[in-house]
Protein chains: 2
Amino acid sequence: MHAEQPVRSGRAKRLPRAVRERQIMDAAVDVFSRLGFHAASMDEISEVAGISKPMLYAYLGSKEELFATCIRREATRMMEAIATGVEAEEPPDVQLWSGLRAFFGFVGENRASWQVLHRQASSQGGPFAEELADMRGRAIGLVAALLVHSSDFSNVPRAGDKEAESLAAALVGAGESLADWWLDNPQEPAGVVAARLMNLVWMGFGDLVAGDVWHPPSRRAERSPED
Amino acid sequence: MHAEQPVRSGRAKRLPRAVRERQIMDAAVDVFSRLGFHAASMDEISEVAGISKPMLYAYLGSKEELFATCIRREATRMMEAIATGVEAEEPPDVQLWSGLRAFFGFVGENRASWQVLHRQASSQGGPFAEELADMRGRAIGLVAALLVHSSDFSNVPRAGDKEAESLAAALVGAGESLADWWLDNPQEPAGVVAARLMNLVWMGFGDLVAGDVWHPPSRRAERSPED
DNA sequence: TGGTAAGACTACTGGTGAGTAGGTAAGGCG
DNA sequence: CGCCTTACCTACTCACCAGTAGTCTTACCA
């Protein structure tokens, strides 16, 4: 988690524009995540960023533009974090496992980002939710493709795209909510939470109750299952 | 979905307090679900309800009280709808199935309620989220108890409470998100969506890919799987 | 048929927060 | 060293909205 620098008292030191913009964005994500879009005030964001309000407007435009920029930046960071963790050549279950680990890893280290993306963005109407729905749609699409691809390994008639999509939506949603739950119960490491979801969606309660569990292939031991 | 009566132009007809309160609550749920807590204005709520602002304050108190009352009412309605659908004597998988059907049935017929509960309430901080977290916690607790109980049927060492709870959180979350997805893709009936989630969480992708599916016991045919 | 209390309204206040006008310091470059 | 550009500030305007004061009106009962 970023350590926002303390509230300044005098005049801020001169800094190049790019640096200030990053500071402002960090502050904005922080404030938006804590208060939500409407309750967050530009005054507070500027204060946390350590500059004055007109700088905000000079650099990042209106409040709405600022919020949209936050969403885009954080969404991109997250998708990249996940994409980096997944190898397209692996078998489906391993890909899923890698994706889950990367996802929970990101959330664990960027709680504010996650709050902004998951709660604030989706609960505001208009272009924000749309922006977010786009990214969410891409994530669901990826998972759905994974599912359809999984079916190719078996001799079962290929599931309909709609069906795969809704299953993917359920899975993505399970991940989102488990991440939320995890924020309130942060005792456990990311790897354990990810493994639990992996077991749920891959094995199902039916198998789990019967004592069957999924476990990652033991090769590739450089990535330990604990964080 | 309620058909909110159109915007009045003259003076409203005299009505007994209880009736007016219901109208106001319906209007409030409608407006809060569309705009969120902050963006919703008491003026708009009063307009949709077909009365003037002072009536709002006379009957339901402040904006915060009104919102909290909405949450409580809708949460209670939903929990009751689910509880009514589940028989405690049934085997675990059937209980889960009934619960899912009842849940998706409720969401399908009360979209505004669901928006208020799932999005708006949780994204506002303070006592609202707490209220909501309570209900959510009860739901998770119920599912967790179901899971622990399931294990008793098997010879597996009983899963830890924490583990059951996180699995339940994932399941509840999967339901929430699938419901959200469904709102955007409302072609399919509630029963089909519920069945799909049931299959996912009970069988798991592993079994589904292999062609194994869960299906409800064929007795009790008076409840058809379609809505 | 008139009295009255609950139901309803118009028209205001006060506070808050988005966005801006106009002015001040600080680094760079001749 | 003086000039200009870029970073930065204080102090405002204006709109919107929660909440209220004071007044009118209608259904019901005696």
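Just above, that's the structure.
Okay, so let's go over this structure.

**Thoughts on the interface of chain B and chain A**
Interfaces are frequently sized by the accessible area removed from exposure as the parts join.
Phase 1: Facing 44 residues of chain B, the contacting portion of chain A comprises 45 residues.
Phase 2: Both faces considered, chain B and chain A share a buried interface measuring about 3600 Å² in area, 66% of it formed by carbon and sulfur atoms.
Phase 3: Taken together, the connections running from chain B to chain A amount to zero salt bridges.
Phase 4: Summed over the shared surface of chain B and chain A, the result is three residue pairs in polar contact (both at pLDDT 80 or more).
Phase 5: For the side of chain B that touches chain A, the secondary structure elements donating two or more residues are helix H6 (111–123), helix H7 (126–153), helix H8 (161–184) and helix H9 (190–209) of chain B.
Phase 6: Take the side of chain B that touches chain A: its biggest share by element is 14 residues, from H8 of chain B.

**What about H6 of chain B?**
A turn of α-helix holds 3.6 residues, and therefore any two residues three or four places apart point the same way.
Residue and element names in this part refer to chain B.
Phase 1: Helix length check: H6 (13 residues) gives 18 Å between terminal C-alpha atoms against 18 Å at 1.5 Å per residue, within 8%.
Phase 2: Where H6 bends most, the angle comes to about 25°, and this point is Leu117.
Phase 3: Where H6 is concerned, the buried positions are Ser113, Trp114, Val116, Leu117, His118, Gln120, Ala121, Ser122 and Ser123.

**Overview of the nonpolar core**
Nonpolar side chains in soluble globular proteins tend to end up buried together.
Phase 1: One finds Phe32, Leu66 and Phe104 of chain A together with Phe32, Leu66 and Phe104 of chain B to be the most contacted residues of the largest nonpolar core, which totals 139 residues.
Phase 2: Each residue touching Leu66 of chain B, except ones within four places of it in the same chain, is listed here: Met25, Ala28, Phe32, Met42, Ile45, Leu56 and Leu60 of chain B.

**A few points about empty space enclosed by the protein**
Space left empty within the atom packing is revealed by a probe, the size of a water molecule, rolled over the atoms.
Phase 1: The tally for this structure, following the rule as stated, stands at one cavity of 30 Å³ or more.
Phase 2: Approximately 100 Å³ is the volume attributed to the largest cavity.
Phase 3: Counting residues per element, the ones that place at least two in the lining of the largest cavity are helix H6 (111–123) of chain A together with H6 of chain B.
Phase 4: Of the residues belonging to the lining of the largest cavity, the class tally is six nonpolar, ten polar and no charged.

**Looking at the environment of Gly108 of chain B**
Phase 1: Within the secondary structure, Gly108 of chain B is located in helix H5 (residues 92–109).
Phase 2: Taking the C-alpha atoms as reference, Gly108 of chain B lies 8.7 Å from Trp182 of chain B; in sequence the two are 74 residues apart.

**Description of the relation of the copies chain B and chain A**
Phase 1: Rotating chain B by 179° about the axis while translating it 0.0 Å along that axis superimposes it on chain A, leaving an RMSD of 0.1 Å. The superposition of one copy onto the other is thereby described by a two-fold rotation axis.
Phase 2: Both copies share a contact surface, since 100% of the interface residues of chain B are interface residues in chain A too.

**What to know about the environment of Met203 of chain B**
Residues and elements named next belong to chain B.
Phase 1: By the element assignment, Met203 lies in helix H9.
Phase 2: Residue classification places Met203 among the buried residues on the basis of a relative accessible area of 13%.
Phase 3: Placed eleven residues apart in sequence, Met203 and Trp214 show a C-alpha to C-alpha distance of 6.6 Å.

**Regarding the packing of aromatic side chains**
Phase 1: Summed over all chains, the structure comprises 16 aromatic pairs over all chains.
Phase 2: Judged by centre distance (5.3 Å) and plane angle (55°), the rings of Phe37 of chain B and Phe128 of chain B are tilted. Of the two residues, Phe37 of chain B sits in the loop between helix H1 (17–35) and helix H2 (42–49) while Phe128 of chain B sits in helix H7, which places them 91 residues apart along the sequence. The same class applies to Phe37 of chain B as to Phe128 of chain B, namely buried.
Phase 3: Taking the centre distance of 4.7 Å and the plane angle of 90° together, the rings of Phe67 of chain B and Phe128 of chain B count as edge-to-face. One end of the pair, Phe67 of chain B, is in helix H4 (residues 63–85); the other, Phe128 of chain B, is in helix H7, and 61 residues separate them in sequence. This pair shows no difference in class: Phe67 of chain B is buried, exactly as Phe128 of chain B is.
Phase 4: Counting every residue linked through ring pairs, the aromatic cluster contains Phe32, Phe37, Phe67 and Phe128 of chain A.

Parameters at a glance
- Residues numbered from 1 in each chain as written.
- Chains lettered and ligands numbered in written order.
- Predicted model: local features only at pLDDT ≥ 70, side-chain atom pairs only at ≥ 80, totals over all residues.
- Heavy atoms only, no water.
- Contact = heavy atoms within 4.5 Å.
- Buried area = accessible area lost by both parts, 1.4 Å probe.
- Salt bridge = Lys/Arg side-chain N within 4 Å of Asp/Glu carboxyl O.
- Polar contact = N/O pair within 3.5 Å; in protein donor to acceptor, adjacent residues only side chain to side chain.
- Helix = DSSP H or I, 4+ residues; strand = E, 2+ residues; numbered from the N terminus.
- Expected span 1.5 Å × (residues − 1).
- Bend = angle between axes of the 7 residues up to and from the residue.
- Buried < 20%, exposed > 50% of the residue type's maximum accessible area, 1.4 Å probe, protein only.
- Core = buried A, V, L, I, M, F, W, Y, C linked by side-chain atoms within 4.5 Å.
- 1 Å grid on protein atoms, 1.4 Å probe; cavity = no way out; pocket = protein on both sides within 12 Å on 5 of 7 lines; lining within 4 Å.
- Points joined across faces, edges and corners; volume = space filled by probe spheres on them.
- Nonpolar A, V, L, I, M, F, W, Y, C, P; charged D, E, K, R; others polar.
- Least-squares fit on C-alpha atoms with pLDDT ≥ 70 in both.
- Phe/Tyr/Trp six-rings, centres within 6.5 Å; stacked < 30°, edge-to-face > 60°.

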